[in-house]
Amino acid sequence: AAGITLVDAGAAIPSGAQWGVRWSHNSDHVEASVSLFDGYNHLPNIDVRPDPAALAVELTRVYPKLRSYGADLAVPTRWFTFKGEAAYFTSPSSSNEEYVIYVAELERQTGEWLLDVGYIGRAITRSGTSFPFAPDRGIARSIIGRASYTVDPRRTVAIEGAVRQGGEGFYVKGEYSEAWGQHVRLTLTGVGLAGQSDDFLGQYSRNSHGAAALRFSF
C-alpha cells in the first residue's frame, strides 16, 4: 500500500542437527527406494510483522522445521518404463502447511528418441498461516513432458515443457548441443513462459529468453 515501508529484517537462521536416511533396492524387474529426512527447510517462510507507529512492515525469513517421508519406484515393461515418486512433508510448527507432492511418468526409448510424459500432483493435508516460497509446489498440478533425440555422438536435440492442468501457465525449453573434438561443446537454449499473472508459471512470462553457452573441458 502507498505510504507503507517494507523493512528487510534479515533471516532467522536455525540451529540444531539434521539427518536423513535412504534405502534402495534394484532388481531386473523393479527399482525402488524409501527415504526419511528430519531437519530444516532450505526455503524460507516470510514472517510479516506490522509496525503501525512507523507505518512499516518488517519481513523476516524464517526456515521452519521440516520432516519428510519419501518413496520412488521404476518398473520397466516391454512398451515403456513407469516411474513414480511421492513425498509427504510435515512440520512440528502448526503455522506451516503439511502436504504431499507426487509425480507419475511414462518413459519410452525408441531408436535415438527418448520420450517422457507425466503429471505432477499435490494434496494439502493441513493448511497453514505462513507465507512460503516453494518452487517445487509452484509447478504442481501440471502436465510435464520431454523429448530428446541423439543426432550422432556429437549432437543432441531436446525439448521439454510443463503446462498447468487448467491452462493458466506454461513453460517450454528447447536445446541444441554440439561437441567439437574432445574439449569444446556449444549449447543453444531457448526458454518460453506465458500465462496468467497470478499463476506460478505465468507470472514469469517476461522471463522468456535465449542463451548460448560455450564450454571448454580440460
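Per chain, residues are indexed from 1 in the order of the written sequence. Local features in this predicted model are restricted to residues of pLDDT 70 or higher, and side-chain atom pairs are both shown and tallied only at a pLDDT of 80 or more, whereas totals for entire chains, interfaces and linings draw on every residue. Computation of side-chain values covers all heavy atoms of the structure but excludes hydrogens and water.

Caption draft 1: Here's a closer look at unusual backbone geometry. Unusually for a residue other than glycine, Leu 55 sits at a positive phi of about 50°. With respect to the helices and strands, the residue Leu 55 is situated in the loop between β4 (45-51) and β5 (56-62). Positive phi values are uncommon outside glycine, yet Arg 141 reaches one of about 60°. We count a stretch as a helix when DSSP gives it H or I for four or more residues in a row; a strand needs E for two or more, and each element gets its number in order from the N terminus.

Caption draft 2: Region of interest: the pattern of salt bridges. One speaks of a salt bridge when a side-chain nitrogen belonging to Lys or Arg is within 4 Å of a carboxyl oxygen belonging to Asp or Glu. Evaluation of the coordinates by the stated rule reveals 14 salt bridges. Salt-bridge contacts for Arg 137 lead to Glu 97; the nearest nitrogen and oxygen are separated by 2.1 Å. Of this pair, Arg 137 sits in helix α1 (residues 135-138) while Glu 97 sits in the loop between β7 (81-90) and β8 (98-110), placing them 40 residues apart in sequence. The buried category is assigned to Arg 137, whose relative accessible area is 11%. Where salt bridges share partners, they join Asp 38, Lys 65 and Arg 67 into one cluster. Buried means the residue's accessible area, taken with a 1.4 Å probe over protein chains only, is under 20% of the maximum for its type, while exposed means over 50%, and partly exposed covers the values in between.

Caption draft 3: Layout of the nonpolar core. To qualify as a nonpolar core, a set must consist of buried Ala, Val, Leu, Ile, Met, Phe, Trp, Tyr and Cys residues joined through side-chain atoms within 4.5 Å. In this structure, Leu 66, Ala 87, Phe 89, Tyr 99, Ile 101, Val 103, Ile 120, Ala 140, Ile 144 and Ala 162 together form the largest nonpolar core, which totals ten residues. Listing elements by their share of this core, those giving two or more residues are β7 and β8. Take this core: its biggest share by element is three residues, from β8. If we skip the residues at most four places from it in the chain, Ile 120 touches Ile 101, Tyr 102, Val 103, Ile 139, Ala 140, Arg 141, Ser 142 and Ile 144. Should any heavy atoms of two residues lie within 4.5 Å, those residues are counted as being in contact.

Caption draft 4: Broad picture of the sheet that holds strand β14 (residues 209-216). Pairing between strands is defined by DSSP: at least two bridges between them are needed. Strand order in the open sheet formed by eleven strands is β2-β3-β6-β7-β8-β9-β10-β11-β12-β13-β14, with antiparallel pairing between adjacent strands. The sheet is open, and its two borders are formed by β2 (19-26) and β14, each paired with just one other strand. Here the average twist between neighbouring strands, direction ignored, is 10°. One ladder, built from ten bridges, connects strand β3 (residues 31-40) with strand β6 (residues 65-76); its direction is antiparallel. Paired with Asp 38 across the two strands is Arg 67, which belongs to β6. Simply put, an axis is a line fit to the C-alpha atoms, just over the touching stretch for a helix, and the angle between two N-to-C directions goes from 0 to 180 degrees.

Caption draft 5: Geometry of the pairing of β8. Pairing of β7 with β8, which is carried by nine bridges, proceeds in the antiparallel orientation. Looking at the pairing, Tyr 88 lines up with Val 100 of β8. Bridge count for β8 against strand β9 (residues 113-126) is 13 bridges, and the pairing is antiparallel. Within the sheet, the bridge partner assigned to Val 100 lies in β9 and is Ala 123.

Caption draft 6: Representation of the environment of Asn 41. Residue placement: Asn 41 occurs in the loop between β3 and β4. For Asn 41, a relative accessible area of 18% corresponds to the buried category. For the pair Asn 41 and Ile 124, spaced 83 residues apart in the sequence, the C-alpha separation amounts to 17 Å. Setting aside residues no more than four positions away along its own chain, Asn 41 makes contact with Tyr 63, Pro 64 and Leu 66. Nitrogen and oxygen atoms within 3.5 Å of one another constitute a polar contact, given that in protein one can donate a hydrogen and the other can accept it, and given that sequence-neighbouring residues count only through two side-chain atoms. Engagement of the side chain of Asn 41 in a polar contact is seen with the backbone nitrogen of Leu 43, the distance being 2.9 Å.

Caption draft 7: Structural detail: the side chain of Thr 189. In this structure, Thr 189 sits in strand β13 (residues 184-195). Aside from chain neighbours lying at most four places away, what touches Thr 189 is Lys 173, Gly 174, Glu 175, His 209, Gly 210 and Ala 211.

Caption draft 8: Structural detail: a nonpolar patch on the surface. Every patch collects residues that have over 30% relative accessible area and no salt bridge, joining them within 9 Å if they carry like charges and within 5 Å if they are nonpolar side chains (Val, Leu, Ile, Met, Phe, Trp, Tyr). Only the protein chains shown count as covering a residue, and every accessible area follows the Shrake-Rupley method with a 1.4 Å probe. The grouping of Leu 73, Trp 79, Phe 80, Phe 82, Leu 106, Val 117 and Ile 143 at the surface amounts to a nonpolar patch, some 620 Å² of accessible area in total. Position of Val 117 relative to the elements: it lies in strand β9. Relative accessible area serves as the criterion here: at 43%, Val 117 is assigned to the partly exposed category.

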